[in-house]
Amino acid sequence: MSQFDNVAVIKKANVYFDGKCVSHTIILADGSKKTVGVILPGTYTFNTGAPELMEVEDGHCVVKIAGSAHPVEVIGGQAFNVPGNSSFDIEVTETLHYVCHFD
C-alpha cells in the first residue's frame, strides 16, 4: 500500500537525534496509530514502549534488536519487529523512509 486514506495527522513532528530522524504520527479511521518518517545515515539506538513493526519503504540499514545474537540487514520492501519495552540499534547507510506500526 503506497498511501493511507482518511487519516488525522499530528502536526508537531517527532524529532530525534538533532533532526536526523523526523516522523509524524498519523491516526487511522479505526483509531490505530502509526508514524511515518525518515532517518538520515548514522548509527542510533531507539527504545520502545509498545511492540512495533518497522516497515522500510526505501533505504538500507542494519538492525540489532536487544537480546538478539546477530544484526540483520534490512532494505526497502522489508520489515522487522521490535518487542515492547525493548530497544534496537540501527545503522542507516542509505536514507531510510519508514512506517512504524504499533500493536
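Just above sits the structure.
What counts, and at which threshold
- Residues numbered from 1 in each chain as written.
- Predicted model: local features only at pLDDT ≥ 70, side-chain atom pairs only at ≥ 80, totals over all residues.
- Heavy atoms only, no water.
- Helix = DSSP H or I, 4+ residues; strand = E, 2+ residues; numbered from the N terminus.
- Buried < 20%, exposed > 50% of the residue type's maximum accessible area, 1.4 Å probe, protein only.
- Polar contact = N/O pair within 3.5 Å; in protein donor to acceptor, adjacent residues only side chain to side chain.
- Phe/Tyr/Trp six-rings, centres within 6.5 Å; stacked < 30°, edge-to-face > 60°.

(A) Structural view of the environment of Tyr-44. Checked against the element boundaries, Tyr-44 lands in strand β5 (residues 42–47). Given a relative accessible area of 6%, Tyr-44 falls into the buried group. Considering only alpha carbons, one finds Tyr-44 and Phe-88, 44 residues apart in sequence, at a separation of 8.4 Å. Here Pro-41 takes part through its backbone oxygen, which lies 3.2 Å from a polar atom of the side chain of Tyr-44.

(B) Main features of the packing of aromatic side chains. Taken as a whole and judged by the stated rule, the model has five aromatic pairs. Ring geometry for Phe-17 and Phe-46: centres 5.2 Å apart, planes at 80°, overall edge-to-face. You can see Phe-17 sitting in the loop between β2 (14–16) and β3 (21–27) and its partner Phe-46 sitting in strand β5, a full 29 residues away along the chain. In this structure Phe-17 comes out as partly exposed when scored by relative accessible area, which is 33%. A residue is classified by how much of its surface remains accessible, and Phe-46, at 14% relative accessible area, is buried. With centroids separated by 5.6 Å and ring planes inclined at 70°, the aromatic side chains of Phe-80 and Phe-88 adopt a geometry described as edge-to-face. Residue Phe-80 is classed as buried on the basis of its relative accessible area of 9%. Its relative accessible area of 2% is what places Phe-88 among the buried residues. Here a set of aromatic residues connected by ring pairs shows up, and it is made of Tyr-16, Phe-17, Tyr-44, Phe-46, Phe-80 and Phe-88.

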